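Architecture at a glance
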Amino acid sequence: MSRNETKERLRQDIAIWFADGVIDAATLEVLQERYESRRFGWVGVVKYIGITGGLLAFFGIIGMITAMVQSGAFAAIVLGGVGGGITYWGLRLSGDIGNRYAVSSKVVLTLGVLLWTSAIGLLADVIGMKEGRVLLVTGLICLPVGFFLAYRSRNPYLLIVALLGLYHWIGSWNEMWGRSTYEFSVQDPQVMSLAAFFGIVIGVYHERKLYPKTGRFYLAWESMGLLYLNMSLLILSIWGFQEASPLVWILVFTAFTLAQLVWGAMCQNGLFRGFGITFFAINVFTRYHELFWERLYLGQYLLAGGGILLILGVCTEVVVRALRRKGGAA
């Protein structure tokens, strides 16, 4: 028996063990990753081309019927019904114990969510809502449903899709204080950074209190939150915001990247440590470019930058060795 056949047999046995209650969901996930044996190949290419072609043809037929009727309400009903059905299909595929539809279930889920979300937005437009309120109502309805389905089906991919929608919905929304309306404009990095910070807090809570009940949901919350927090602070450190100068945001951005490094080192969390190192380096390069690029020749720029990074590396190594000798966490 070949190695791939052995792994496939083990994956089938693992699914049976989980169904019989011999192992829990966390053990199932670990063993499935260890004995991964699927290969995509040309057969997979042909298969997914066929699936994509069939879906496009189906959507074309639905669009043609809707255009012939020329009714926005009918189009919204059709989109909602089709989207709901496809979402249900994707959840069924992703819930397969043998994890045989790991790729196709994600594609189907994404299409389904996009369709019924579009249906709600179209229906809000049909009944005469203003453009700003359409986005507000769509988010208020679709986001809770998306999170509910993600937690109900224990689907990390659907959670990531819901988080993407949440951050961009919050980032594009500004409440006009003292008025009874809402205005939607360009993404607001300040609001998005605050939302991302709370997302990180929720992720840490999942990791500390809810794992393994919620599986790897903490990774989705933490990684998406860290990405949007650091990107928003980077934008603010370059352009500033309202009355606050970029210098204030440079200090805030630097403090947060260092905090991620410290937290990652203390908790042995590679995710926080990786984001902290990456965006601290981006911050240093950005500041160096802003302050010294036009004052030095290219050769001097590279020489000075390399020298500074070398000194930082040597100092870091000395500190790490000192901590290790004292028995501390390096």
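Up top is the structure these notes are about.
Quick caveat, the model's predicted, so the values are computed rather than measured.

It is worth spelling out the side chain of His206 at this point. For His206, the position within the fold is in helix H8 (residues 189–210). A polar contact is formed between the side chain of His206 and the side chain of Tyr151, at a distance of 2.6 Å. In this structure, His206 is in contact with Tyr151, Tyr211, Thr214, Phe217, Tyr218 and Trp221, ignoring residues within four places of it in sequence.

The next subject is the packing of aromatic side chains. Aromatic rings in a pair are described by how distant their centres are and how their planes are angled relative to each other. Per the counting criterion, the structure on display carries eight aromatic pairs. Pairing Tyr151 with Phe217 gives two aromatic rings, centres 4.9 Å apart and planes at 85°, and the pair type is edge-to-face. Here Tyr151, found in helix H6 (residues 131–153), pairs with Phe217, found in helix H9 (residues 217–239); they are 66 residues apart in sequence, far enough to count as distant. Owing to a relative accessible area of 3%, Phe217 belongs among the buried residues under this scheme.

In terms of nonpolar packing, the biggest core is built from 39 residues, with Phe147, Leu158, Leu159, Leu163 and Tyr167 touching the most fellow members. When residues of this core are traced back to their parent elements, those giving at least two are helix H5 (104–126), H6, helix H7 (156–171), H8, H9, helix H10 (246–267) and helix H11 (270–292). Ranked by the residues each element gives to this core, the list is headed by H9, at 10 residues. The residues touching Leu163, leaving out its near neighbours within four places in the chain, are Phe147, Ala220, Trp221 and Met224.

About the criteria used
Residues numbered from 1 in each chain as written. Predicted model: local features only at pLDDT ≥ 70, side-chain atom pairs only at ≥ 80, totals over all residues. Heavy atoms only, no water. Helix = DSSP H or I, 4+ residues; strand = E, 2+ residues; numbered from the N terminus. Polar contact = N/O pair within 3.5 Å; in protein donor to acceptor, adjacent residues only side chain to side chain. Contact = heavy atoms within 4.5 Å. Phe/Tyr/Trp six-rings, centres within 6.5 Å; stacked < 30°, edge-to-face > 60°. Buried < 20%, exposed > 50% of the residue type's maximum accessible area, 1.4 Å probe, protein only. Core = buried A, V, L, I, M, F, W, Y, C linked by side-chain atoms within 4.5 Å.

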